[in-house]
Amino acid sequence: MTESNHDSLEPLVSQEHKKSELKASELKEKSNKSRKTITRGPGRRAQEARRQFLRSIALTVGVTSVSLLGFIPLPGEAKRPRLRPPGAINEKNYLSSCIKCGQCVQVCPVNAVKLDDLTTGFGLGTAYIDAREQACDFSCDGLQCVLACPTGSLTHDLDYAKDTRMGFALLTKPKLCLAVAGKGFKGQARGPDYEGLLRYEEIDRWNPIALKNHPYDVEICDLCVQACPIEQRYKQCEQGKYPSGDQNQCPPKRAIGLELIEEKDGIKHMKPVVYDGCVGCGVCEMICPAEQAAIVVDYNTLTKMPLSEQYQKKSGGHS
Amino acid sequence: MNRALESLAQLFGRAPRKPRKDEISPDAQKIYFYKKGEKVTKAQLVALHEDHHKNSKNKWRKRRWITLITINLLFVVSFSLDIQLLEGALTASRFVGFHMADLNSALQVMLAYKQALINLLIGIVTVFIMWFILGGRTFCSWVCPYHLLAEWTESVHLWLAQRGLAKNYTFHRGVRTVFYVIFALLAVLSGYTVFEFISPTGILSRAIIYGPTLALFWVVFLLLFETFLSRRAWCRYICPIGITYGIVGVFSPLRVSYDLTDCKHEGDCRSVCLVPHVLELTIKNRSTDIENGIGADCTRCGLCVDACPTNSLNFEFKGLTHKPQTQNKWLIPEALDTLEAKAQKSPGDKETKDD
């Protein structure tokens with residue numbers, strides 16, 4: 001196919017040439033009698049130029065329209081809450097500044113970061129995290145995605161897990177929560193087919209392992225509290241064992257805990273309560289063994305805040 | 001300087017013009033004069049063409065395809081094997097840790113975000129220097145994955161067109177400049193990198209590295225459009241990346257140079273070229289000097305170098321490649337004498353084949 005490129009080209013060119021010659025001669029024959037009118041009216045060249053001009057306008061309008069389709073993300077996608085990687089600046093600026101290179105995808109040790117598709121409009125090629133599928137567990141400790149980002153879509157102003165604010169965990173479906181129901185949990189948190197990874201410092205500090213390879217056995221389900229990276233760091237610091245030997249890693253506040261709650265009707269039960277220290281990494285959402293995650297990371301309310309507020313820990317607990 | 005401006009004007013869409021007789025250098029005029037005396041028959045041209053392509057093995061095309069595939073595979077390998085060789089995608093990357101940023105993507109980001117971080121600036125400067133040296137649009141033909149696919153579909157297009165199954169609707173080349181302005185304005189006004197939404201370069205690069213996406217359907221649509229309706233339409237009439245890198249390469253030392261001396265003006269080079277207007281100086285009486293650098297819109301793909309049956313087109317690196325000057329047979333006095341005699345024998349001989 002390619003070898004014959006040159007050979008096939010020449011006849012084509014000469015054919016075209018002949019064609020145009022033929023047309024020209026036809027035109028001449030036709031207009032031999034009224035030559036003067038032809039020279040005054042639009043010639044063949046002018047006519048072709050006009051057609052070309054119109055075609056060019058059509059092309060401009062067409063391609064520009066397609067590019068503007070980016071404004072209309074598919075309805076389902078627009079509503080889907082979308083966690084951005086740690087350090088992501090507010091959504092509008094994030095979409096402006098992201099160069100869509102995926103370097104954050106490449107450095108993530110748990111492959112939490114993925115790139116959006118066409119369906120998200122101008123979000124095409126930008127990084128997001130689907131916490132239920134694979135949350136960010138901060139097993140890199142140093143916020144590798146932030147370091148990798150060449151444009152500042154992930155702000156370089158933060159160095160530690162505790163400084164991020166990707167979202168905020170909310171117990172949206174307390175009826176599904178095993179702790180609320182007073183149940184324990186035994187087995188693989190997300191079943192045998194779940195491929196997600198999580199780092200267990202006591203097993204291997206450097207390599208996250210598959211969640212299915214680390215079954216649990218608890219009397220009252222507290223998986224979200226156990227797995228929370230901020231809680232883990234908080235406890236380590238309380239014991240004087242700083243994560244990575246760095247005191248700066250210590251979170252100032254707790255992120256989540258199981259509390260005994262007394263409802264209005266007097267029934268007492270355990271319930272996960274999210275504290276100020278929550279950074280919205282989504283590990284609780286990922287590990288929640290209920291069919292649908294009882295606890296999810298809320299993202300939408302966060303994006304409406306300006307960046308400065310986003311990274312300021314708000315006071316007042318959520319639950 | 002004039003030449004650079006002319007080359008820029010052509011990049012932005014102006015058609016190359018015929019030089020006035022007084023613009024053609026005396027040496028070049030001499031060659032044109034004596035070429036009139038040496039009549040080239042069609043049979044000779046065909047023989048020359050066949051002889052050349054018997055031995056020619058598409059040297060530059062092979063090198064280019066290997067380079068293009070290697071670079072894109074480096075991205076894939078770096079990610080899949082987790083080695084820090086060439087991380088990221090074509091829009092922005094790190095080569096052994098050093099920042100690189102595609103100039104057009106970086107420009108779109110800066111226009112939309114209205115800020116540039118130091119890492120991005122480092123990437124821009126690095127890549128600018130690289131393509132300034134290597135020739136601007138060299139990016140297009142030696143790196144861009146869409147270029148390779150478009151090259152393959154182009155041969156399908158030509159095959160179909162020959163049989164009347166495909167059309168080649170042309171557009172005014174200035175439309176690419178219009179697109180350039182439109183996408184710049186859209187980025188500034190909307191705050192989104194609008195062009196990246198439809199850029200097949202970014203879409204393909206990411207698809208190759210991170211896996212297929214729905215956005216590939218857009219790329220397929222473009223390729224089908226080029227196959228059936230307009231030869232190489234995206235690269236020729238739309239893609240702003242070409243203009244960005246074209247501007248970078250205006251003063252580039254690496255370029256294709258044209259030597260008038262042996263040229264038969266048969267047009268083989270123009271028929272294979274992505275941007276044939278840059279080669280219009282190979283038409284008889286168009287080049288003003290014996291040696292001419294090809295303009296900024298040239299992607300340095302080397303198809304013309306492979307195609308030229310008389311070796312009149314060659315890669316040149318200003319200051320490094322040195323061509324022996326003595327071989328110019330037209331300017332050797334003895335040769336001139338015989339030719340002058342020939343020319344006098346047949347004074348009415350006119351070549352009207354080319355323009």
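Residues numbered from 1 in each chain as written. Chains lettered and ligands numbered in written order. Predicted model: local features only at pLDDT ≥ 70, side-chain atom pairs only at ≥ 80, totals over all residues.

Concerning the overall build of chain A
And then number 1: On a plain count of helices and strands, chain A comes out with twelve helices and ten strands.
And then number 2: Out of the 319 residues in chain A, the part that is buried amounts to 39%.
And then number 3: For chain A, restricting intrachain contacts to residue pairs at least 6 apart in sequence, the fraction spanning at least 24 positions comes to 71%. (Helix = DSSP H or I, 4+ residues; strand = E, 2+ residues; numbered from the N terminus. Buried ≥ 20, exposed ≤ 12 C-beta atoms within 10 Å, placed from the backbone. Contact = placed C-beta atoms within 7 Å.)

Focus: the interface of chain B and chain A
And then number 1: Of the residues lining the interface, 55 residues belong to chain B; the matching set on chain A comes to 42 residues.
And then number 2: Among the residues making up the side of chain B that touches chain A, the classes are represented as 32 nonpolar, 18 polar and five charged. (Nonpolar A, V, L, I, M, F, W, Y, C, P; charged D, E, K, R; others polar.)

Describing the sheet that holds strand 3 (residues 98-101) of chain B
Residues and elements named next belong to chain B.
And then number 1: In space, the three strands of this open sheet follow the order 1-2-3, with antiparallel pairing throughout. A strand with exactly one partner marks an edge of an open sheet, and here the two such strands are strand 1 (86-89) and strand 3. With direction set aside, neighbouring strand axes in the sheet form an average angle of 15°.
And then number 2: With four bridges connecting them, strand 1 and strand 2 (residues 92-95) associate as antiparallel partners. Counted as the bridge partner of Gly88 is Ser93 from strand 2. (Pairing = 2+ DSSP bridges. Axes fitted to C-alpha atoms, helices over the stretch in contact; angles between N-to-C directions.)

A closer look at helix 5 (residues 103-113) of chain B
And then number 1: Counted residue by residue, helix 5 of chain B has eleven buried out of eleven residues, so it is predominantly covered.
And then number 2: Along helix 5 of chain B, the residues classified as buried are Leu103, Asn104, Ser105, Ala106, Leu107, Gln108, Val109, Met110, Leu111, Ala112 and Tyr113 of chain B.

Concerning the confidence of the model for chain A
Residues and elements named next belong to chain A.
And then number 1: Per-chain confidence: chain A averages 82 in pLDDT, with 79% of residues scoring 70 or above.
And then number 2: Element-level mean pLDDT values for chain A span from 44 in helix 12 (residues 307-310) up to 96 in helix 10 (residues 283-287).
And then number 3: Under a pLDDT of 50 for its full length, residues 1-22 has, in the predicted model, 20 contacts with residues more than four places off or in other chains. (pLDDT = per-residue confidence, 0-100.)

Some points on helix 11 (residues 200-210) of chain B
And then number 1: The buried fraction of helix 11 of chain B amounts to eight of the eleven residues, a majority that puts the element mostly inside the structure.
And then number 2: One or two steps after helix 11 of chain B, the chain reaches Gly211 of chain B, where phi turns positive at roughly 105°.

Remarks on the pairing of strand 2 of chain B
Residue and element names in this part refer to chain B.
And then number 1: Turn length for the strand 1-strand 2 hairpin, with the two strands adjacent in sequence and antiparallel, is two residues.
And then number 2: Here four bridges tie strand 2 to strand 3, and the two strands are oriented antiparallel to one another. Bridged to Ser93 within strand 3 is Met100.
And then number 3: The antiparallel pairing of strand 2 with strand 3 creates a hairpin that spans two residues between the two strands, and Val96 there sits at a positive phi of about 35°.

Side note on the domain arrangement of chain B
Residue and element names in this part refer to chain B.
And then number 1: Domain parsing of chain B yields domain 1 (2-39 + 253-345) and domain 2 (61-247).
And then number 2: Here the C-alpha centroids of domain 1 and domain 2 sit 30 Å apart.
And then number 3: In this complex, domain 1 contributes 18 residues to the contact, which on the side of domain 2 involves 20 residues.
And then number 4: Residue assignment for the side of domain 1 that touches domain 2 shows that the elements contributing at least two residues are strand 4 (254-259) and helix 16 (303-307).
And then number 5: For the side of domain 1 that touches domain 2, the class distribution of residues is ten nonpolar, four polar and four charged. (Domains from an automatic or database assignment.)

Brief notes about the nonpolar core
And then number 1: The biggest cluster of nonpolar side chains holds 153 residues, and the ones touching the most others in it are Cys104, Cys145 and Cys284 of chain A together with Cys304 of chain B.
And then number 2: Of all the elements, helix 5 of chain B adds the most residues to this core, at eight residues.
And then number 3: The contact partners of Cys304 of chain B, leaving out residues within four places of it in the chain, are Val256, Cys269, Val272, Cys273, Leu279 and Leu313 of chain B. (Core = buried A, V, L, I, M, F, W, Y, C linked by C-beta atoms within 7 Å.)

Comments concerning the sheet that holds strand 5 (residues 291-293) of chain B
Residues and elements named next belong to chain B.
And then number 1: Sheet architecture is open: three strands sit in the order 5-4-6, paired in antiparallel fashion. Because the sheet does not close on itself, it has two edges, and the strands there are strand 5 and strand 6 (313-317). Averaged over all pairs of adjacent strands, the angle between their axes in this sheet comes to 35°, without regard to strand direction.
And then number 2: As paired elements, strand 4 and strand 6 share five bridges and run antiparallel to each other. Paired with Ser257 across the strands is Asn314, a residue of strand 6.

Regarding unusual backbone geometry
As a rule of thumb, non-glycine residues mostly have phi less than zero, and peptide bonds are mostly trans rather than cis.
Residues and elements named next belong to chain B.
And then number 1: Positive phi outside glycine occurs at His265, with the angle close to 55°.
And then number 2: One can find His265 in the loop between strand 4 and helix 15 (268-272).
And then number 3: For Asn311, which is not glycine, the phi torsion reads 55° and is therefore positive.

Re the packing of helix 3 (residues 44-68) of chain A against helix 9 (residues 175-190) of chain B
And then number 1: As a packed pair, helix 3 of chain A and helix 9 of chain B sit with axes 10 Å apart at the nearest point and diverge in direction by 30°. By the criterion of interaxial angle, the relationship of helix 3 of chain A to helix 9 of chain B is roughly parallel. The way helix 3 of chain A lies across helix 9 of chain B gives a crossing that is right-handed. Together, Ser56, Leu59, Thr60, Val63 and Thr64 of chain A of helix 3 of chain A and Val175, Val178, Phe179 and Ile182 of chain B of helix 9 of chain B make up the contact between the two elements.
And then number 2: Grouping the constituent residues of the contact of helix 3 of chain A with helix 9 of chain B by class yields six nonpolar, three polar and no charged. (Parallel < 35°, antiparallel > 145°, perpendicular 65-115°, else oblique. Left-handed = near helix turned anticlockwise from the far one by under 90°.)

Details of the packing of helix 5 of chain B against helix 9 of chain B
All names here are of chain B.
And then number 1: One way to put it is that helix 5 packs onto helix 9 with a least axis distance of 6 Å and a crossing angle of 40°. Contacts between helix 5 and helix 9 involve Gln108, Leu111 and Ala112 from the first element and Ala184, Ala187 and Val188 from the second.
And then number 2: Counted by class, the contact of helix 5 with helix 9 contains five nonpolar, one polar and no charged residues.

Focus: the environment of Tyr180 of chain B
All names here are of chain B.
And then number 1: Positionally, Tyr180 belongs in helix 9.
And then number 2: With 21 C-beta atoms counted inside 10 Å, the residue Tyr180 sits in the buried group.
And then number 3: Distance from Tyr180 to Gly246, taken between C-alpha atoms, is 12 Å for residues 66 residues apart in sequence.
And then number 4: The contacts of Tyr180, once residues within four sequence positions are left out, are Pro240 and Ile243.

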